[in-house]
Amino acid sequence: MPVVIRTLRQTVCHVLQSTACHCRKAALPGLFPGPSPWQLPADASFHSASFSETDQPRVLITGGLGQLGVGLANFLRKRFGKDNVILSDIRKPSDHIFHSGPFIYSDILDYKNLRETVVNHRITWLFHYSALLSAVGEANVSLARAVNITGLHNILDVATEHNLRLFVPSTIGAFGPTSPRNPTPDLCTQRPRTIYGVSKVHAELMGEYYYYRYGLDFRCLRYPGIISADSQPGGGTTDYAVQIFHDAVKNGKFECNLKASTRLPMMYIDDCIRATLEVMEAPAESLSMRTYNVNAMSFSPEELAQEVLKHVPEFQITYNVDSVRQAIADSWPMNFDDSNARKDWGWKHDFDLPELVTTMLNFHGFDTRVAQAN
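Since the model is a prediction, treat every value here as computed from it, not as a measurement.

Draft legend 1. Structural context of the nonpolar core. Formed by 71 residues in total, the largest nonpolar core has its most connected members in I61, F127, F299, L304 and W345. Here this core gets 7 residues from one element, more than from any other, and that element is helix α9 (residues 269-281). In this view, I61 contacts G69, L72, A73, L76, V85, I86, L87, S88, F127 and Y129; residues no more than four positions away in its chain are not counted. Within the second largest apolar cluster, 26 residues are counted, among which are I104, I123, L132 and C220.

The structure is reproduced here in structure tokens:
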């Protein structure tokens, strides 16, 4: 028996040495941060190998019932097929959302559940939208820490273990009062003063670390304030720019919780969703960084109200400043420098302020053509 074992060992060693010589790949010693050890070839491509370029990705969206998840799911289903895009959340969806495509319960704080979801549904792309936003996070720091940081760690580990292409959004809130504000470049001082912002800087750095350390195909965009017509404000500091349209059509007036002159970068949701897909589809070799600023426009509540007045002449805006939200806004960028995104993967926005206002008012049933004629 010892002779047989010795012979087998010699044979295996010979095969491994021969393979190593022909493949010319050294292995980076690595221990997967989850439950199993693995090795990454030193010259491995960071472009996800979970599916071939001719196959459609299998997509999972976490936190899918938030402001962006449903719109992203609808957009991706048109591109990749209804059954290839799975929306998930811990909340119960409306009938319309439930019947519009696959929906499952998924709790990012439950690692076992998350892992089973990825395996059972053969996921290859993961969009991680579960998070507590700025103002809500300040009201419940412990929950924000659990969801935004511990949940992220589970996502990173599962994505690495199963070789997923991972998108995690970041935010203007990832910057702080010591960051350059007008414009704010991709690389600069980041010292946010909210748990939301701190967790997003953590996400950016952890994603980049996993990219270099484990080969995770991590991609991230710093979103400006996102304005969408078909979702309710979600507790963010920039949500006044969504609520103003609801109130303008319904009541003809709006009370703003930020100062009239508070300038922040903004983007219409269609541009946001398109930017997200474009960076996910960009060839890995075109990406000079893992986290990019993206921008479309920058305005203040006063400037937004003036544009609304062009369509709703009786509209009135008043100001009742929320000191917490104002302090947050004053620490954020006034304008984003997104020149690297435009150079590296061809980012270009479609909606400026006039198009944004017209689109939002029309969605809420206000005939802007009649208003302009009057």
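Draft legend 2. Looking closely at the side chain of R165. Position of R165 among the secondary structure elements: in strand β7 (residues 165-167). Note on R165: relative accessible area 2%, which makes it buried. Engagement of the side chain of R165 in a polar contact is seen with the side chain of D217, the distance being 3.1 Å.

Draft legend 3. How the structure looks around the pattern of salt bridges. Scanning all chains against the criterion turns up 17 salt bridges. For R79, the salt bridge goes to E281, with nearest N and O atoms at 2.9 Å. Separated by 202 residues along the polypeptide, R79 in helix α2 (residues 69-80) and E281 in helix α9 bring together distant segments of the chain. Overall, the relative accessible area of 31% leaves E281 in the partly exposed class. Its salt-bridge partner being E307, residue K310 comes within 3.1 Å of it at the nearest N-O pair. Linked through salt bridges whose partners overlap, the residues forming this network are R165, D217, R219 and R290.

Draft legend 4. How the structure looks around the sheet that holds strand β10 (residues 225-227). With mixed pairing, the 3 strands of this open sheet are ordered in space as β10-β12-β14. Two strands close off the open sheet at either side, each with one partner strand: β10 and β14 (297-299). Here the average twist between neighbouring strands, direction ignored, is 45°. With 3 bridges connecting them, β10 and strand β12 (residues 264-268) associate as parallel partners. Following the sheet pairing, I227 is matched in β12 by Y268.

Rules used throughout
Residues numbered from 1 in each chain as written. Predicted model: local features only at pLDDT ≥ 70, side-chain atom pairs only at ≥ 80, totals over all residues. Heavy atoms only, no water. Core = buried A, V, L, I, M, F, W, Y, C linked by side-chain atoms within 4.5 Å. Buried < 20%, exposed > 50% of the residue type's maximum accessible area, 1.4 Å probe, protein only. Helix = DSSP H or I, 4+ residues; strand = E, 2+ residues; numbered from the N terminus. Contact = heavy atoms within 4.5 Å. Polar contact = N/O pair within 3.5 Å; in protein donor to acceptor, adjacent residues only side chain to side chain. Salt bridge = Lys/Arg side-chain N within 4 Å of Asp/Glu carboxyl O. Pairing = 2+ DSSP bridges. Axes fitted to C-alpha atoms, helices over the stretch in contact; angles between N-to-C directions.

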